[in-house]
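This is what each chain is made of:
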2 protein chains.
Amino acid sequence: MKELSPLQKARYQYQPKLPGMLRNGISEICVKEGAATQSVADQEKIAALFPNTYGKKEITFEKGTNTSVAKKQVVGVILSGGQAPGGHNVVSGLYDALKATNKDNVLIGFKGGPSGLIEDKYIIFDDEYIDQFRNTGGFDIIGSGRTKLETEEQFAIATEVCKKHGVTAIVIIGGDDSNTNAGILAEYFAAHNTGVQVIGCPKTIDGDLKNEDIECSFGFDTATKTYSELIGNIERDANSAKKYWHFIKVMGRSASHVALECALETQPNICLIGEEVAAKKMSLSQIANQIADSVVARSNKGMNFGVAIIPEGIVEFVPEFGKLIAEINELLAGSKADAFNALDSWADKYAFIEKGLTKESMAVFALLPESIQQQLFLERDPHGNVQVSLIESEKLFAELVGNILKDRKAKGEFNGKFGTQHHFFGYEGRCAFPSNFDADYCYSLGYNAFMLIQYGFNGYLSKVSNLSKPAEQWVAGGMPITKMMNIERRHGEDKPVIRKALVELDGAPFKYFEAHRDEWAVETCFTFPGAIQYYGPAEVCDLTTRTLALEKSK
Amino acid sequence: MKELSPLQKARYQYQPKLPGMLRNGISEICVKEGAATQSVADQEKIAALFPNTYGKKEITFEKGTNTSVAKKQVVGVILSGGQAPGGHNVVSGLYDALKATNKDNVLIGFKGGPSGLIEDKYIIFDDEYIDQFRNTGGFDIIGSGRTKLETEEQFAIATEVCKKHGVTAIVIIGGDDSNTNAGILAEYFAAHNTGVQVIGCPKTIDGDLKNEDIECSFGFDTATKTYSELIGNIERDANSAKKYWHFIKVMGRSASHVALECALETQPNICLIGEEVAAKKMSLSQIANQIADSVVARSNKGMNFGVAIIPEGIVEFVPEFGKLIAEINELLAGSKADAFNALDSWADKYAFIEKGLTKESMAVFALLPESIQQQLFLERDPHGNVQVSLIESEKLFAELVGNILKDRKAKGEFNGKFGTQHHFFGYEGRCAFPSNFDADYCYSLGYNAFMLIQYGFNGYLSKVSNLSKPAEQWVAGGMPITKMMNIERRHGEDKPVIRKALVELDGAPFKYFEAHRDEWAVETCFTFPGAIQYYGPAEVCDLTTRTLALEKSK
């Protein structure tokens, strides 16, 4: 028997806040066109690839008579990729605008991600169903999936499915890749005169889908608040028990926005930033020594405890580690693995490895704890490649630091204790009840997405901006997806893609962190954010991230 | 630079709720004496051990003229053992009652746990200092520690330290062991006419300090709400992504109250209860098969995902596992380890083990994943014993279930997928901002503890009951610690101790779980509690645990 928690029941009553300009009722929303757009780079190539959808105008909505064409809309919605808090609100905002415009309009949910469109697996939303999901976390309303819509063949099937249902528009809720594909699908639909529009919505807890137009992706606020709650609790525990260094890994493989935001919220002793490691070409040993310096400095002040935040993808940013992985993959490629596998003891295998690696890579390999050395050689993927994502980097750095401290102790440079605990936070935050910010932002994105559809736009991203201000002052509109594209090399081919946003080392969030981290490394400056609040004073329950506040205060 | 989070600032404004009878001001609190008490068992032995503090009356406070003797009180407070949310509120409640009674009264905090009393490390509280800690998590107000106060020598030093400061009473905030020792210290102080009183307060997130007098220990509410938030989020993620079974270990070694409460809050597919495993003498294989049955049944319904809660101490409840550990300890005792350590390869070591263990224990050992087999032999404590607490039981059961499913697949009994993720939640919950319940309960315990001191009671536990009702209806009073004692065999000696409360298999919480778990194992009945709320509707922010509600509804 399903049971609803008290919070879930209470959240059903929450009415998400729309931008002021969308609050006057459907009949009072009109379009203001802005300037024509160009892609952020590679304009000629992108223009050539998107003849039907390139160079469109950016638009904003404002109060005024609704001049859109009255026709029955049948909209399909798809959730793509990893869960992010607020997805259900995008759908409910979309549904509410669609039904407010015309109660005969239909919202179809394609199930299990983009594959639902290809396989024609769907549900049709009604009030009763959608009301169960308002202001809740998760993507279980229709499920999600990681199938990519990118081939002509898929597009042709999608066209047939749309025709069958009379679909007039598709809304794709996803990250940078999914929105890139939304742009390509929009172009296909336009080129083939299908009459189907495509609108994207920016989703990802990783925070790496943002640019001069998109201030942040949804879910980042709630996920980082959840991780920060836990990190703050652990900091308080560390400061009470005074006996452990906690190494905390947080989700985020290709960018360190999550780690950085958590650091700004909790002021830990250490936070590694992948983009900095890559820019400075830092070695594992340099990183570990930097952490060890903090351990020693704190120990000298009587504090044998601390907290270090490690982004999930950190080792992939370390140049020498990338080289090591490439050499291992080469060393065991194809039938070369047979000779290795035939060896019985780890000692023999180690000798084989020592012979096969370059001196530089062997030095890196030798640094690693044995468990990780073995993991690199024993747990490879079906193609025989090292599975970097399996490496428990929180344990790796704890061990590397421990080894350095043993050396320093032997030299009389360290007299303290170093006990460690490890944590990994990822799944804990992807499906939390959306914060008020994400609930409002997502509902607005969905509502706004329908207005873009109603006004006939195709290949646009639903855009809500001015997000560091109260919702009343938010600005709703749309941005051509092609504007955000550039050409990148992917799997040996030039592809038009939305550029992934990495942590900018000259950006305000990193600069703030950089200006404070030396103090945080030595003193105890922990901040305890506590659990996400949905009720209470506005400064407790309505503020968004430090990252956004700092970026907007530029 | 320290920074306060918005929630921390807001929580400073929270005024904890006292039981109605303590709300009329200090001058309007009088004592109502109840019946004389007896220990729960072994009455003669306990009476003989506690001639000065045995058989006292239970007492409650009520509205009426305060008849306590006016004298200057100097109270020392000690935090003992692991952190639990609300400790700071016990101290602030104690401080407020003490200062309201006489502004010249003094509250001394002994630092770093019971050792602070012996080593005379202390601070003296004032308004400014204590105000920084109101309604916050952690024990950092004075720190905590695990030193046990139990020897005559320690007591003699404690007496000297008390004399030096003019201490009239000590409040010990701790679990069953610490409160046992509080009772012994009270007897010592009385026997030696020191004039120092001792009052205990029931703390532990594990929930295993409760009985017919103490409805629950503080911290259990907040910690289980924090873990349940995370488990609910993971359930929602599992139900959205539909691709993983999550094995979630929660803190609690000697009792499974935490796991049970989390299960009642979140309705997972599986929750193991150590006490049941022990009572039914279940084997590892039986437990793993039970989980595998759920995996298969759900897979047959198209659901290749689920959530299993594993109590931290589960393997210690499995009889055959206990036997295996004892045999390993015997096998490698003293110099016998040398022969084992001299062996080079794991294959040789395995052969040695096979020869040394009984057939039954070898069968259990053979079931274990190799990583855990090696851990049992390689990572032993300074006495050469297996470190059971290091065993990652969430990974152990995930692997055992995986192996069973492979067999079943080979036999055509399982056609699904079984991907796993692992989590451990412990440190995340011990220092959360106390829930309103814990903030109120703890403040009341502290306030009440001072009233017990003021009225001259010694060897009492601060008792606040009727906790499943609104705070207005709570009942404040005291219970002689000796009433909760019995004699148990510890380290080869008969000792008077407070009996640890295990999960009762005929108790209402377990019965509720038992009545529903078959459905939960097969269907998806997940409940999503969300983050602890400190504001909002009362049913969202003021309810305590399911465990307590069920126990009180008996």
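Everything quoted here is computed from the prediction, not taken from an experiment. Residue indices begin from 1 for each chain and proceed along its sequence in written order. Each chain is given a letter, starting from A, and each ligand a number, starting from 1, according to the order in which they appear as written. Totals for whole chains, interfaces and linings use all residues, but because this is a predicted model, local features are given only for residues with pLDDT of at least 70 and pairs of side-chain atoms are given and counted only at 80 or more. The basis for the side-chain values is all heavy atoms of the structure; hydrogens and waters are excluded.

Draft legend 1. Representation of the packing of helix 8 (residues 220–241) of chain A against helix 9 (residues 257–266) of chain A in the model. Residues and elements named next belong to chain A. Note on geometry: axes are lines fitted to C-alpha atoms, helical ones only across the stretch in contact, with angles between N-to-C directions running from 0 to 180 degrees. Counting from the N terminus, the helices are DSSP H or I runs at least four residues long and the strands are E runs at least two residues long. Contact geometry of helix 8 with helix 9 gives a least axis separation of 9 Å together with a crossing angle of 50 degrees. Compared by their axis directions, helix 8 and helix 9 come out oblique. The two elements helix 8 and helix 9 cross, and the hand of that crossing is right-handed. The segment helix 8 lies against helix 9, with Phe220, Thr224, Tyr227, Ser228, Ile231, Gly232 and Glu235 engaging His257, Val258, Glu261, Cys262, Glu265 and Thr266. Here the contact of helix 8 with helix 9 is built from residues that sort into five nonpolar, five polar and three charged. Relative orientations are named as follows: roughly parallel for angles under 35 degrees, roughly antiparallel for angles over 145 degrees, roughly perpendicular for angles from 65 to 115 degrees, and oblique for any other angle. Each helix crossing is assigned a hand: it is left-handed if the near helix lies turned anticlockwise from the far helix by less than a right angle, otherwise right-handed if that turn is clockwise. Residues are treated as being in contact if the distance between any of their heavy atoms lies within 4.5 Å. Charged means Asp, Glu, Lys or Arg here, nonpolar means Ala, Val, Leu, Ile, Met, Phe, Trp, Tyr, Cys or Pro, and polar covers whatever is left, Gly included.

Draft legend 2. Focus on the relation of the copies chain A and chain B. Expressed as a screw transformation, the operator carrying chain A onto chain B has a rotation angle of 180 degrees and an axial translation of 0.0 Å, and the superposed copies differ by an RMSD of 0.0 Å. Taken together, the rotation angle and the small translation identify this as a two-fold axis. A symmetric contact is evident, with 100% of the interface residues of chain A recurring at the interface of chain B. Residues reaching a pLDDT of at least 70 in both copies supply the C-alpha atoms on which the copies are superposed by least squares.

Draft legend 3. Summary view of helix 8 of chain A. Residue and element names in this part refer to chain A. To estimate the expected span of a helix, subtract one from its residue number and multiply by 1.5 Å. In a regular helix each residue adds 1.5 Å, so 22 residues correspond to 32 Å; helix 8 covers 31 Å between its end C-alpha atoms and thus fits that length. In this scheme, a residue with accessible area under 20% of its type's maximum is buried, one over 50% is exposed, and one in between is partly exposed, where area comes from a 1.4 Å probe on protein chains only. Where burial is concerned, most of helix 8 is hidden: 21 out of the 22 residues are buried. Looking one or two residues past helix 8, Lys242 carries a phi angle of roughly 55 degrees, positive in sign.

Draft legend 4. Local environment of the sheet that holds strand 11 (residues 420–425) of chain A. All names here are of chain A. Read across the sheet, four strands follow the order 9-10-8-11 without closing on themselves; strand pairing throughout is parallel. This sheet does not close on itself; its edge strands, each paired only once, are strand 9 (270–271) and strand 11. Any two strands are treated as partners once DSSP identifies two or more bridges connecting them. Summarising the sheet, strand 8 (residues 245–250) and strand 10 (residues 306–311) pair through six bridges and their orientation is parallel. Along strand 10, the bridge assignment pairs His246 with Val307. Of the strands in this sheet, strand 8, strand 9 and strand 10 are in contact with helix 9, which crosses strand 10 at around 155 degrees.

Draft legend 5. Up close: the pattern of salt bridges. When a carboxyl oxygen of Asp or Glu lies within 4 Å of a side-chain nitrogen of Lys or Arg, that pair is called a salt bridge. If you walk through the whole model with that rule in mind, you get 72 salt bridges over all chains. In this structure, Asp177 of chain A and Lys148 of chain A form a salt bridge, with 3.4 Å as the shortest nitrogen-oxygen distance. With a gap of 29 residues between them, Asp177 of chain A in helix 7 (residues 176–191) and Lys148 of chain A in the loop between helix 5 (127–131) and helix 6 (152–165) connect regions that are remote in the sequence. We classify Lys148 of chain A as partly exposed; its relative accessible area is 37%. Its salt-bridge partner being Glu392 of chain B, residue Lys395 of chain B comes within 3.6 Å of it at the nearest N-O pair.

Draft legend 6. Quick look at the pairing of strand 12 (residues 460–465) of chain B. Residues and elements named next belong to chain B. Burial runs high along strand 12: six of the six residues are buried. Covered by surrounding structure in strand 12 are Tyr460, Ser462 and Val464 together with Leu461, Lys463 and Ser465, the residues of both alternating faces. Inspection of the sheet shows strand 12 paired to strand 13 (residues 475–480) by six bridges, in the antiparallel sense. Looking at strand 13, one finds that Lys463 is bridged to Gly477.

Draft legend 7. Geometry of the interface of chain A and chain B. Listed per partner, the contact involves 65 residues of chain A and 65 residues of chain B. Between chain A and chain B the total buried area reaches about 5000 Å² when both faces are included, carbon and sulfur atoms providing 48% of it. A per-residue breakdown of the area chain A buries against chain B is headed by Glu3, Arg236 and Tyr427 of chain A, which together make up 15% of the total. Where chain A meets chain B, there are eight salt bridges. Linking Asp237 of chain B and Arg430 of chain A is a salt bridge whose minimum nitrogen-to-oxygen distance equals 2.7 Å. Counting of polar contacts relies on pairs of N or O atoms within 3.5 Å, with two restrictions inside protein: one atom must be capable of donating a hydrogen and the other of accepting it, and residues adjacent in sequence are counted only when both atoms are side-chain atoms. Connecting chain A to chain B are 32 residue pairs in polar contact (both at pLDDT 80 or more). Mapped onto the side of chain A that touches chain B, the elements with two or more residues apiece are helix 1 (6–12), helix 8, strand 11, helix 18 (427–430), helix 20 (508–522) and helix 21 (538–541) of chain A. What gets called buried area is simply the loss in accessible area from a 1.4 Å probe that two parts show on being joined, summed for both.

Draft legend 8. Molecular detail of the packing of aromatic side chains. Pairing of aromatic rings covers Phe, Tyr and Trp, the last counted by its six-membered ring, and requires centre-to-centre distances within 6.5 Å; plane angles under 30 degrees mean stacked, over 60 mean edge-to-face, and any other angle means tilted. Summed over the entire model, instances satisfying the criterion amount to 42 aromatic pairs over all chains. With a centroid separation of 6.1 Å and 80 degrees between ring planes, the pair formed by Tyr427 of chain A and Tyr244 of chain B is classed as edge-to-face. One end of the pair, Tyr427 of chain A, is in helix 18; the other, Tyr244 of chain B, is in the loop between helix 8 (220–241) and strand 8 (245–250), on a second chain. In this structure Tyr427 of chain A comes out as buried when scored by relative accessible area, which is 10%. The class for Tyr244 of chain B is partly exposed, based on a relative accessible area of 22%. Following the ring pairs from residue to residue traces out a cluster consisting of Phe340, Trp346, Tyr350, Phe352, Phe365 and Phe377 of chain A.

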